[in-house]
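# Coordinate inspection notes
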Amino acid sequence: MQINDVVSIETLSHIALICLNNPPVNAASQALRYGLQQAISIANTNDAIRVIAIYGAGRTFVAGADIKEFDGPPLEPMLPELVNEIEESETPVVVILHGTALGGGLEIALGGHVRVGLKGLKVGLPEINLGLLPGAGGTQRTPRLIGIPAALDMILSGRHVPANEALELGLIDRLSDEIPRDAAIGAAKDILSGVLMPRRTGEILVKADHSYLDKMKATLLRTHAHLVSPHKCVEAVRASSLKLSEGLKLEKRAFAESMSTPQRAGLIHAFFGERAARNIPEAKISPLDLAHIGVVGAGTMGIGIATTCLLSGLEVTLVEASQEPLEIGIATIHKNLEGAVKRGKLSREKFNSSLKCLTGNTDLASLNQVDMVIEAVFEDMDVKKDIFFKLDKICKTGAVLASNTSYLDINELADITSRPQDVIGLHFFSPAHVMRLIEVIVCEKTNETVSATGFALAKRLRKVGVKSGVCDGFIGNRILSHYRKTAAYLVLDGSSPQEVDQALEAFGFAMGPHKVTDLAGLDIDWLTRRRKAPTRSKEERYSGDVADRLCENGWFGRKAGKGYYLYETADMTPNPKVNEIIEAERNRAGLSPKTFSVGEIIDRYMTAMISEATRVLEDKIAARPLDIDMVLLFGYGFPRHRGGPMHYADTIGATKLIEHIEKYAQEDSYYWRVPNLLRDMAKDGKTFADLNR
Ligand code: T1G
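About the cut-offs
The numbers attached to residues start from 1 for each chain and follow its sequence in the written order. The predicted origin of the model limits local features to residues at a pLDDT of at least 70 and limits the giving and counting of side-chain atom pairs to 80 or more, whereas totals for whole chains, interfaces and linings rest on all residues. The side-chain figures draw on all heavy atoms in the structure; neither hydrogens nor water molecules are used. Only DSSP runs of H or I reaching four residues or more are called helices, and only runs of E reaching two or more are called strands; each is numbered from the N terminus. We call two residues in contact whenever any of their non-hydrogen atoms come within 4.5 Å of each other. The protein chains shown are the only cover counted for residues, whose accessible areas, like all others here, come from Shrake-Rupley with a 1.4 Å probe. Should a side-chain nitrogen of Lys or Arg be within 4 Å of a carboxyl oxygen of Asp or Glu, the pair is scored as a salt bridge. Categorising residues by exposure relies on relative accessible area from a 1.4 Å probe, with only protein chains included: less than 20% of the type maximum marks a residue as buried, more than 50% marks it as exposed, and the intermediate range marks it as partly exposed. At least two bridges found by DSSP between two strands are what make those strands a pair. For helices, the fitted line uses only the C-alpha atoms of the stretch in contact; every axis is such a line through C-alpha atoms, and the angle between N-to-C directions lies from 0 to 180 degrees. Note that the domain bounds were set by an automatic or database domain assignment. One heavy atom within 4 Å of a molecule or strand makes the whole residue count as near it. Side-chain atoms alone can form a polar contact between residues adjacent in sequence; in general such a contact is a pair of N or O atoms within 3.5 Å, and within protein one must be able to donate a hydrogen while the other accepts it. In this classification, the charged set is Asp, Glu, Lys and Arg, the nonpolar set is Ala, Val, Leu, Ile, Met, Phe, Trp, Tyr, Cys and Pro, and all remaining amino acids, among them Gly, are polar. A crossover gets the label right-handed when its path from the first strand over the helix to the second runs clockwise, viewed with the strands pointing away from the viewer. To estimate how far a helix should reach, multiply one less than its number of residues by 1.5 Å. Working definition: roughly parallel below 35 degrees, roughly antiparallel above 145 degrees, roughly perpendicular at 65 to 115 degrees, and oblique for all remaining angles. A clockwise turn of the near helix away from the far one marks a right-handed crossing, whereas an anticlockwise turn of less than a right angle marks a left-handed crossing.

### Some words on the overall build of the chain
The helix and strand tally for the chain stands at 29 helices and 19 strands. The dimensions of the chain, computed from C-alpha atoms along their principal axes, are 90 × 60 × 55 Å. Intrachain contacts of the chain at a sequence separation of at least 6 include 71% that bridge at least 24 residues. For the chain, the accessible area works out to roughly 29300 Å², and carbon and sulfur atoms hold 54% of it.

### Re the pattern of salt bridges
For the structure on display, the rule yields 46 salt bridges. A salt bridge links Glu-379 to Lys-384; the shortest N-O distance between them is 3.0 Å. With a relative accessible area of 0%, Lys-384 lands in the buried category. The residue Arg-615 makes a salt bridge to Glu-612 at a minimum N-O spacing of 2.9 Å. Residue Arg-615 and its partner Glu-612 are both found in helix α24 (residues 598-618); the two are separated by 3 residues, about one turn of the helix. Like Glu-612, Arg-615 is buried. Linked through salt bridges whose partners overlap, the residues forming this network are Asp-545, Arg-549, Glu-552, Glu-585 and Arg-588.

### Quick word on the sheet that holds strand β15 (residues 423-428)
Reading across from one edge, β12-β11-β10-β13-β14-β15-β16-β17 is the order of the 8 strands in this open sheet, with mixed pairing throughout. Two strands in the sheet have a free side with no partner beyond their single neighbour: β12 (358-361) and β17 (464-468). In this sheet, adjacent strand axes meet at a mean angle of 25° when their direction is disregarded. Pairing of strand β16 (residues 437-441) with β17, which is carried by 5 bridges, proceeds in the parallel orientation.

### Details of the domain arrangement of the chain
Its domain assignment divides the chain into domain 1 (7-260), domain 2 (283-470) and domain 3 (477-621 + 653-691). Taking only C-alpha atoms into account, the centre of domain 1 sits 47 Å from that of domain 3.

### Concerning the side chain of Thr-614
Tracing the backbone through its elements, the reader meets Thr-614 in helix α24. Since its relative accessible area comes to 0%, Thr-614 is described here as buried. Once you skip the residues sitting within four places of it in the chain, Thr-614 turns out to touch Met-646, Pro-675, Leu-677, Leu-678 and Phe-688.

### Let's talk about the site of the ligand
Around the ligand lies a shell of 29 residues, among which Arg-59, Glu-107, Glu-127, Arg-275 and Arg-278 are the nearest. Glu-107 is positioned such that a nitrogen or oxygen atom in its side chain is 2.6 Å from an oxygen atom of the ligand. Across the complex, the protein chains shield 80% of the 990 Å² of accessible surface that the ligand would expose by itself. Looking at the shell around the ligand element by element, the count peaks at 3 residues for helix α11 (residues 262-276). Its residues assigned to classes, the shell around the ligand shows 16 nonpolar, 6 polar and 7 charged.

### Here we look at the pairing of strand β3 (residues 51-56)
Across the 6 residues that make up β3, a large majority, 6, are buried. Taking every second residue as pointing to the same face, both faces of β3 are buried, with Val-51, Ala-53 and Tyr-55 on one and Ile-52, Ile-54 and Gly-56 on the other. Relative to β3, strand β2 (residues 15-20) runs parallel, the two being bridged by 6 bridges. Within the sheet, the bridge partner assigned to Leu-17 lies in β3 and is Ala-53. You can see the chain leave β2, run along helix α1 (residues 30-44) and come back into β3, and the turn it takes is right-handed. Alignment of β3 against strand β4 (residues 93-97), held across 3 bridges, turns out to be parallel. Looking at β4, one finds that Ile-52 is bridged to Val-93. A crossover links β3 with its parallel partner β4, the connecting element being helix α2 (residues 79-88), and its sense is right-handed.

### Quick word on helix α15 (residues 381-394)
Over its 14 residues, α15 runs 20 Å from end to end, which matches the ideal 20 Å to within 8%, given 1.5 Å per residue. The inward-facing, buried residues of α15 abut β10 (292-296), β13 (372-375), β14 (400-403), α16 (410-415) and β15. Its side-chain oxygen at 2.9 Å from the backbone nitrogen of Asp-382, Asp-380 defines the N-terminal cap of α15.

### Description of the packing of α24 against helix α25 (residues 625-635)
Closest axis-to-axis distance for the α24/α25 pair is 10 Å, and the angle between their directions is 130°. Classified by the angle between their axes, α24 and α25 sit oblique to one another. Once α24 is placed against α25, the crossing between them reads as right-handed. The residues of α25 that touch α24, namely those facing Met-609, Ala-613, Val-616 and Leu-617, are Pro-625, Ile-628 and Leu-632.

### So, the environment of Arg-541
With respect to the helices, strands and loops of the structure, Arg-541 is situated in the loop between α21 (522-532) and α22 (545-552). Taking the C-alpha atoms as reference, Arg-541 lies 8.2 Å from Tyr-670; in sequence the two are 129 residues apart. For Arg-541, the contacting residues outside a window of four places in its chain are Tyr-489, Leu-492, Asp-493, Leu-591 and Asp-668. A polar contact of 2.6 Å, which involves the side chain of Arg-541, links it to the side chain of Asp-493.

Have a look at this one:
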């Protein structure tokens, strides 16, 4: 009998079977909660029913609360109360778990009296990834089943626990190979026959472990001081040694507090943004089949791209101009795959099968049958044009010709081929087998099937594909090259590389800009500054004075042992010579140093980033603000709990942003300009979130 669109109940002699069917992930929406509540009460008021079995249809049992409801008013029945009702049910309840039973889904099961896991099941409490904590009894019932340390590990890591481990831990009572409904019937019968013993999790006592919890609390104060929910997780789990009703009260309070933080808003924006990035018009177009990828260039990028394609089960032909670099490239790919095996990301058999899918060649003609070529050679337009000209002659009709260039004009590459409609940009980020971002650069003549194929490859590689138009630096590098100047200006005007780095690390970046440049290599930016010199406006304040001096000394950063910092010992220390260079450059420019607070450093840096990001939107290089957010989150280490620069901008507002820009423009009206779009937003009272709709 259908209770509503997403919940049904059927009775088989003394068994009530409740099926949850809310595709795609059985999110615990209001309808699902209401239907489940009704079904439980129907079963409990039917004297013939002596056991209740709950299972999910589709690819997974409940994957959590319906996150889409979070920004609206709370809707009855609330999940915590529903889980309590399940636990208090007179009739024993068995819950069948399959797919990814996460968050509120696992919590529903913890309210059950018996839990059965099916083959391939993963369980978890990933609320921490959303800036939250388990809010439907997870912090109270999990410790009762598996103890405080294991429960806290699950809650703080948010990791997916495989079925066998869940059984060993005691989260589930049995594993079954059956399909959900059959497993439900089988388990119900075993409860009736006494083979499976139902018990209320809430009645199990937890031994308080304050020393462990105090240790965790101290660790988190060191490692996660800038976040809210991890600390609340510890205190909620600590309360699990109290009476259940007491502990649930504390959990509820902690959950409500974490729900109201900007971090929760930022992390949920990141969650949905990652998925919305692929929801673009091309998503409705069926892509070309991709089985065999050609990669041209066995440098760092080519090797990373080849590795990530192999890890996704694609066949790869790697082409390099001569034998020696080709062999080095292949050996490095081996090493990368070995690393994946060591990290448990790749089975040994998958390692072997992946290597069988890799061939190397020094002849471009070996690419005549591939479905797509990804060119990853030296960043020089003439070199790339030569490659594309040859590929156009070699590759089969319909093969996609992609360039991994990070800033060059791909329209120019398309125009030297006879097939511009098949040319696209796929800008990977280094290391390409680790970083999740791919800028999918759709050129003037790229046809929509080829564009859809670029996104299909991104999804196949489990990466975040973000659509970009063509301009110097596309989305990310164009914005980066603008806001990086702010860091240079701050140092010239009185701050220090360390102060700027520390301020941005306080904002939430893992590394400040000078540490990032040291890591990437100062020579890359040096090349870019020299490339742009001929077209640089005379009005622009030059930002490379200090960095150029470092490069002239060969201090290219970590790879040279010194840059802004020294790397001769394990810990990184400021390079004392840099202060002398800064002093000299200030004197040369007649600058008397000013002091900048942490707040002002952050405000200048972020205002510069948001200004250029807004211009990227104006120029339609990015289609939506959320696309820019995803680029900065997945390619540039933007702090995830801030949601991205455009989401962060909405916490300031267009009017205030304009005030800040106009204030800074008094120092440099060329660098600090108010984008027209920002003025329009201020006038119309619009946010960047409005522009995502
Ligand atoms: N709520 C609403 N929509 C969701 C959702 C959720 N929990 N999970 C996924 N979706 C949507 C997603 O936006 C996408 O939509 C589609 O489902 C397929 O998702 C009280 C408060 C389950 C591992 O954090 O980790 O419970 O783009 O592309 O790669 O304590 O989705 O198609 O329109 O990601 O196969 C806790 C979040 C919530 C799990 C499947 N649960 N989801 O991955 O598919 S908070 C989570 C995931 C909570 C309680 C607290 C993954 C997945 P669209 P997908 P997938």
